[in-house]
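Structural description and commentary
Chain by chain, the residues run as shown.
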Amino acid sequence: MKMEVEMISKECIKPSSPTPCHLKNHKLSLFDLYLPPIYVPIVLYYPFNQDTNLSPSQIHDIISARLQMLKQSLSEILSSFYPFAGKIKDLLSVDCNDEGIYFVEARVKSSLSEFLNHPDNSLITKLLSDDAKWFGAPVPGNYVAGVQVTTFACGGIVVGAFVSHMIADGTTFSWFLKSWAAATARNNNNNTNIEQVIIHPKLDAVSLLPQNDQANGYPREVCSSAVFTSHIKFDNFITRRFVFDASAIANLKAMVKSRSSSGVQNPSRVEVVTAFLTKSIITALKSKSEYKNYKGNFVWMASAELRKDDKETDQLHGLVSQLREAITKVNGDFVNSLQGDEGVRNFLEAVKHESETCASAADNIVFTSWCNLGFYEIDFGWGKPAWASVYGLAGQTHSHNLIVLMDTKLGNGIEAWVYLPQEDMATLELDKQLLQFASMDPSPLN
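Named according to an unreviewed UniProt entry, the protein is Vinorine synthase-like originating from Melia azedarach.

What follows is the structure, given as structure tokens:
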């Protein structure tokens, strides 16, 4: 479908109370420095939940009231999430100057159901304001976070938000959105006592993993540039969604558990889908070049290196077993090793090893799981979202082989957003075994 998005207004929503002076300079921790220098987006889709016989003017009044309530509540919760209202300072810290979170109002003349019936992944970027360059690397002076609220002719609302990954991970981002939604819902019921619903995050990770003279110059260069951008390439990337329902995931788990020698008796849905997609993507990559060593980064420094002479990784149970082994290495002992006098040294050595391994691989497949973050529980007072999505790529761009795993609305399936060069995606789309377990680009309304 064709979707024209009209920008109505742009402003900054400031915190309702000023940030204390001693919190004005928010330093990043070592973990923050490691995260890729990108913006993380989420898009939530809310159909109109009122009487469908309302006149256009009545719908307009309801939408106007909702927009005003969103701004008021956002201002209130920014006092707790004060870095979100600041600016990137020097890639090592945030200037919490209370300038405000970037807020855009937009409008679409068609109905939301029309888009959701046949969603076009490449159009989702229109629901995230590009003025703040959320799709690029944050640079000094950029906003930390931003929001675009798009209203549709039917009364539906789409909330698109983005935040610098250096400031927030998926959990913190989810807390922020849940707090904003809860405050909006309570205010909508004429109850302004929002302290019980706002999450007050501890924004002092730097006290556990602090910067120091050794960290200031080295990690930013090694972590972001070497590990995450070494395998970024320019190509005709496109996006497809492969949705695994509960029954498909149960079958994949059964396949793994049937091989008792795998050592994984209770694989999670994230593990089996990650392994299954890895197997499918490797098959697609092998179709155009010699099978060398492929490396999949599944979580922070939890990596599984797949070699052509390893027959076990050709099997689903072998991949799941190797993934489980990699994840278990990132445990309490590992985190403890990053603290204390030797913490920075151990951190830099681990990152250096990760960087060298990435550089030696023929191709990298990067997985990130957003499952169990509760995006479908975000209710602003007019119902839960019909869909929660990320964004699509189309055309010549720079990216890498990336898979984002998200919950389905029912919570027992997985929606995998797969980003691959067009040539590789064309092969993956024809994978008969993959299509036996997953639906490609289905309507979220189904």
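**Points about the side chain of threonine 172**
Structurally, the position occupied by threonine 172 is in helix α4 (residues 170–188). Exposure remark for threonine 172: the relative accessible area of 14% places this residue in the buried category. If near-sequence neighbours (up to four positions away) are discounted, threonine 172 is found in contact with Phe81 and Phe84.

**Considering empty space enclosed by the protein**
For the coordinates displayed, the defined rule picks out two cavities of 30 Å³ or more. Looking at the largest cavity, its volume works out to about 40 Å³. Contributing to the lining of the largest cavity are Trp370, Leu373, Gly374, Phe375, Tyr376, Ala388, Met406 and Asp407. Looking at the lining of the largest cavity residue by residue, the classes come out as six nonpolar, one polar and one charged.

**Considerations on the confidence of the model for the protein**
Taken residue by residue, the protein gives an average pLDDT of 81. The fraction at 70 or more is 72%. Counting interchain partners and residues more than four positions distant, the pLDDT-below-50 stretch residues 191–196 has eight contacts. Scored below 50 in pLDDT, residues 293–301 makes 56 contacts in the model with residues more than four places away or belonging to other chains.

**Considering the sheet that holds strand β6 (residues 101–108)**
The sheet built from six strands is open, its strands ordered β1-β6-β7-β8-β3-β13 with mixed pairing. Of all strands in the sheet, those with a lone pairing partner are β1 (5–13) and β13 (387–389), marking the two edges. In this sheet, adjacent strand axes meet at a mean angle of 15 degrees when their direction is disregarded. Taken together, the eight bridges between β1 and β6 define a ladder with antiparallel strand orientation. By the bridge assignment, serine 9 is partnered in β6 with glutamate 105. This element, helix α2 (residues 56–77), spans β1, β6, β7 (145–152) and β8 (157–164) of the sheet and lies at about 165 degrees to β6. Sitting on the sheet, α4 touches β3 (39–46), β6, β7 and β8, and the angle it makes with β8 is about 140 degrees.

**So, the packing of aromatic side chains**
Under the criterion given, the structure shown has 17 aromatic pairs. Aromatic pair tyrosine 102 and tyrosine 143: ring centres 4.9 Å apart, planes at 40 degrees, arrangement tilted. Of this pair, tyrosine 102 sits in strand β6 while tyrosine 143 sits in the loop between α3 (112–117) and β7, and the two are 41 residues apart along the sequence. Like tyrosine 102, the residue tyrosine 143 is buried in the burial classification. Residues phenylalanine 244 and phenylalanine 276 carry aromatic rings whose centres are separated by 6.1 Å and whose planes lie at 90 degrees to one another, so their mutual orientation is edge-to-face. Taken together, the residues phenylalanine 244 in strand β9 (residues 233–244) and phenylalanine 276 in helix α7 (residues 269–286) connect sequence positions 32 residues apart. A relative accessible area of 1% means that phenylalanine 276 is categorised as buried. Site record: aromatic cluster; members linked through ring pairs are Tyr46, Phe81, Phe84, Phe176, Trp180, Phe380 and Trp382. Lying over the aromatic face of tryptophan 417, arginine 241 brings its terminal NZ or CZ to 5.7 Å of the ring centre.

**Regarding the nonpolar core**
With 75 residues, the main nonpolar core has Tyr45, Phe176 and Trp180 as its most contacted residues. Among the elements that make up this core, the one with the highest residue count is β3 (seven residues). Excluding anything up to four places from it in sequence, tyrosine 45 contacts Leu112, Phe115, Leu116, Ile124, Leu127, Ile157, Val158, Pro385, Ala386, Trp387, Ala388 and Ser389. Within the second largest apolar cluster, 34 residues are counted, among which are Phe242, Ala248, Ile281 and Met425.

**A closer look at the environment of proline 444**
Within the secondary structure layout, proline 444 lies in the segment after β17 (439–440). When the C-alpha positions of proline 444 and alanine 388 are compared, they lie 9.1 Å apart, and in sequence the two are 56 residues distant. Here proline 444 is in contact with Leu116, Pro119, Arg241, Ala386 and Trp387, once residues within four sequence places are set aside.

**Considering the packing of helix α6 (residues 246–257) against α7**
Relative to each other, α6 and α7 sit at 80 degrees, their axes nearing to 9 Å. With respect to α7, the axis of α6 lies roughly perpendicular. Residues Ile249, Leu252, Lys253 and Val256 of α6 touch α7, and the partners they reach there are Arg269, Val272, Val273 and Phe276.

**Overview of the pattern of salt bridges**
Within this structure, the stated rule accounts for 12 salt bridges. Across the pair lysine 2 and glutamate 4 runs a salt bridge, and its minimum N-O distance is 3.8 Å. For lysine 2, a relative accessible area of 67% translates into the label exposed. Given a relative accessible area of 51%, glutamate 4 falls into the exposed group. A salt bridge links aspartate 98 to lysine 24; the nearest nitrogen and oxygen atoms lie 3.4 Å apart. In this pair, aspartate 98 is assigned in the loop between β5 (93–95) and β6 and lysine 24 in the loop between β1 and β2 (25–27), connecting sequence segments 74 residues apart. Look at aspartate 98 and you get buried, because its relative accessible area is 11%.

Rules behind the numbers
Residues numbered from 1 in each chain as written. Predicted model: local features only at pLDDT ≥ 70, side-chain atom pairs only at ≥ 80, totals over all residues. Heavy atoms only, no water. Helix = DSSP H or I, 4+ residues; strand = E, 2+ residues; numbered from the N terminus. Buried < 20%, exposed > 50% of the residue type's maximum accessible area, 1.4 Å probe, protein only. Contact = heavy atoms within 4.5 Å. 1 Å grid on protein atoms, 1.4 Å probe; cavity = no way out; pocket = protein on both sides within 12 Å on 5 of 7 lines; lining within 4 Å. Points joined across faces, edges and corners; volume = space filled by probe spheres on them. Nonpolar A, V, L, I, M, F, W, Y, C, P; charged D, E, K, R; others polar. pLDDT = per-residue confidence, 0-100. Pairing = 2+ DSSP bridges. Axes fitted to C-alpha atoms, helices over the stretch in contact; angles between N-to-C directions. Phe/Tyr/Trp six-rings, centres within 6.5 Å; stacked < 30°, edge-to-face > 60°. Lys NZ or Arg CZ within 6 Å of the ring centre and 35° of its normal. Core = buried A, V, L, I, M, F, W, Y, C linked by side-chain atoms within 4.5 Å. Parallel < 35°, antiparallel > 145°, perpendicular 65-115°, else oblique. Salt bridge = Lys/Arg side-chain N within 4 Å of Asp/Glu carboxyl O.

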